[in-house]
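# Fold and geometry: a report
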Amino acid sequence: MTLNEFAKTYKADCHTDLGALMWHPTMESIRAAGQRKVDIHFVMLMTRGMVTMRIGDREHVVTPHCYVDTVGCLDSVEMVDASADADGYVLLTTERFVKHVFRNRFPFEPEYLEYQRRNHVTLIEARAAMMLADAFGSLERTIYDCDNIHRDALITCRSAALFMEISNHFARLVCPGQWQACVSSRKLHIFKSLMELLKSNARCHHSVEFYASKLCITPQYLGRVVFELTGKPASATVSSAVVAEIKYLLADSSLSMKDIVAAMSFSDQAVFTKFFKRHTGLTPKQYRNGA
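So, how was this worked out
Residues numbered from 1 in each chain as written. Predicted model: local features only at pLDDT ≥ 70, side-chain atom pairs only at ≥ 80, totals over all residues. Heavy atoms only, no water. Core = buried A, V, L, I, M, F, W, Y, C linked by side-chain atoms within 4.5 Å. Buried < 20%, exposed > 50% of the residue type's maximum accessible area, 1.4 Å probe, protein only. Helix = DSSP H or I, 4+ residues; strand = E, 2+ residues; numbered from the N terminus. Contact = heavy atoms within 4.5 Å. Phe/Tyr/Trp six-rings, centres within 6.5 Å; stacked < 30°, edge-to-face > 60°. Salt bridge = Lys/Arg side-chain N within 4 Å of Asp/Glu carboxyl O. pLDDT = per-residue confidence, 0-100. 1 Å grid on protein atoms, 1.4 Å probe; cavity = no way out; pocket = protein on both sides within 12 Å on 5 of 7 lines; lining within 4 Å. Points joined across faces, edges and corners; volume = space filled by probe spheres on them. Nonpolar A, V, L, I, M, F, W, Y, C, P; charged D, E, K, R; others polar. Pairing = 2+ DSSP bridges. Axes fitted to C-alpha atoms, helices over the stretch in contact; angles between N-to-C directions.

### Points about the nonpolar core
If you look at the biggest cluster of nonpolar residues, it comprises 65 residues, and the most contacted ones within it are Phe 42, Met 53 and Leu 222. In terms of residues, this core owes the most to one element, helix 10 (residues 234–250), which gives eight residues. Those residues in contact with Met 53, other than ones at most four positions away along the chain, are Phe 42, Met 44, Arg 58, Glu 59, His 60, Val 62, Val 68, Val 77, Glu 78, Met 79 and Val 80. Counting 28 residues, the second-largest nonpolar core is a separate cluster that includes Ala 129, Ala 133, Ile 155 and Ala 160.

As structure tokens, then:
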């Protein structure tokens, strides 16, 4: 698959002739493309919602603050599905582009490449995720700025800055020779388990207490884990998943508001409307009508 083929398949329009392309993963573009192998190297930062990917023989649910690098697995990556509110940054690069940006020395140590071959998806700290999102966003804005007379030079500089930010984070995250993550594996397991539970329970259960009970921990401990990894309270993570489900149902014009209220397990339409407006600033009807 070439960059042009990827752009056409996934409806990506942010690209440069230097050999790089940026794309925001959405439910619409992934479902429209179908399950296709992506054999171009890419790095990805998830900022909202969830994307399901198959890398090799493993399926990964990529959630906010997850970083993905497909180094070493170019013939076995598939985009499977995404939630209605999915968003993030994906940067696809050709070998020619990487050599153009890093003429002298690639910023990653061999240990990083070995780590990524074993751990293609890494949940990173909220602060590091924010810094990477800023770097991705800066590069994206530069690629779109076709009238800038220094565009190619700026793309080169900002691509280098992005990869240096990634390199800097992993130098801090991983102890050379030991590969010991600064966030405990138990906390990562709890968070990933929470996200899996939300996929199948967000329509029926809207409380932190329910998910804590399922995970056999206290709501307070779950709150601490989620806040440490995302910088947000657990209630915000749960509510975000509930809102994503509501938006998905609202997109189906065959469903009445009464149907959606029942499907989402709200006691009545007033409570449902108040919840949705508190989290989106719009009533469900306004959202459905494209306000």
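### Overview of the packing of aromatic side chains
Per the counting criterion, the structure on display carries eight aromatic pairs. Aromatic side chains Phe 6 and Trp 23 sit 5.3 Å apart centroid to centroid with 85° between the ring planes, which places their arrangement in the edge-to-face category. Here Phe 6 is found in helix 1 (residues 3–10), whereas its partner Trp 23 is found in strand 2 (residues 20–23), with 17 residues between them in sequence. Of the two residues examined, Phe 6 and Trp 23, each falls in the buried class. Every member of this aromatic cluster is reached through a ring pair, and the members are Phe 6, Tyr 10 and Trp 23.

### Remarks on the pattern of salt bridges
According to the stated counting rule, one finds five salt bridges in the structure shown. Note that Glu 95 and Lys 99 form a salt bridge whose closest N and O atoms lie 3.2 Å from each other. Remark: Lys 99 and Glu 95 occur in helix 3 (residues 95–101); sequence separation between them is four residues, near one turn of the helix. This pair shows no difference in class: Glu 95 is exposed, exactly as Lys 99 is. Where salt bridges share partners, they join Arg 54, Glu 59 and Glu 78 into one cluster.

### What to know about the confidence of the model for the chain
On average, residues of the chain score 84 in pLDDT, and 90% of them reach the 70 mark or higher. Per-residue pLDDT stays below 50 along residues 175–183; that stretch engages in 13 contacts with residues further than four places along the chain or on separate chains.

### What about the layout of surface pockets?
A volume near 930 Å³ is recorded for the largest pocket. Taken together, 41 residues form the lining of the largest pocket, with Arg 48, Gly 49, Pro 64, Asp 85 and Ser 240 sitting closest to its centre. Every element with two or more residues in the lining of the largest pocket is listed here: helix 2 (27–33), strand 3 (42–48), strand 7 (77–82), helix 5 (126–144), helix 7 (185–201), helix 10 and helix 12 (269–280). Residues that form the lining of the largest pocket fall into these classes: 20 nonpolar, eleven polar and ten charged.

### Comments concerning the sheet that holds strand 3
Spatially, the six strands line up as an open sheet ordered 1-2-8-3-6-9, and their pairing is antiparallel. Only two strands of the sheet have a single partner each, and these edge strands are strand 1 (14–16) and strand 9 (121–123). Strand-to-strand, the axes of this sheet are offset by a mean angle of 15°, without reference to chain direction. Those strands touched by helix 1 are strand 2 and strand 8 (87–93), and its axis lies near 15° from that of strand 2. Set on the sheet, helix 5 makes contact with strand 1, strand 2, strand 3 and strand 8; between it and strand 8 the angle comes to about 60°.

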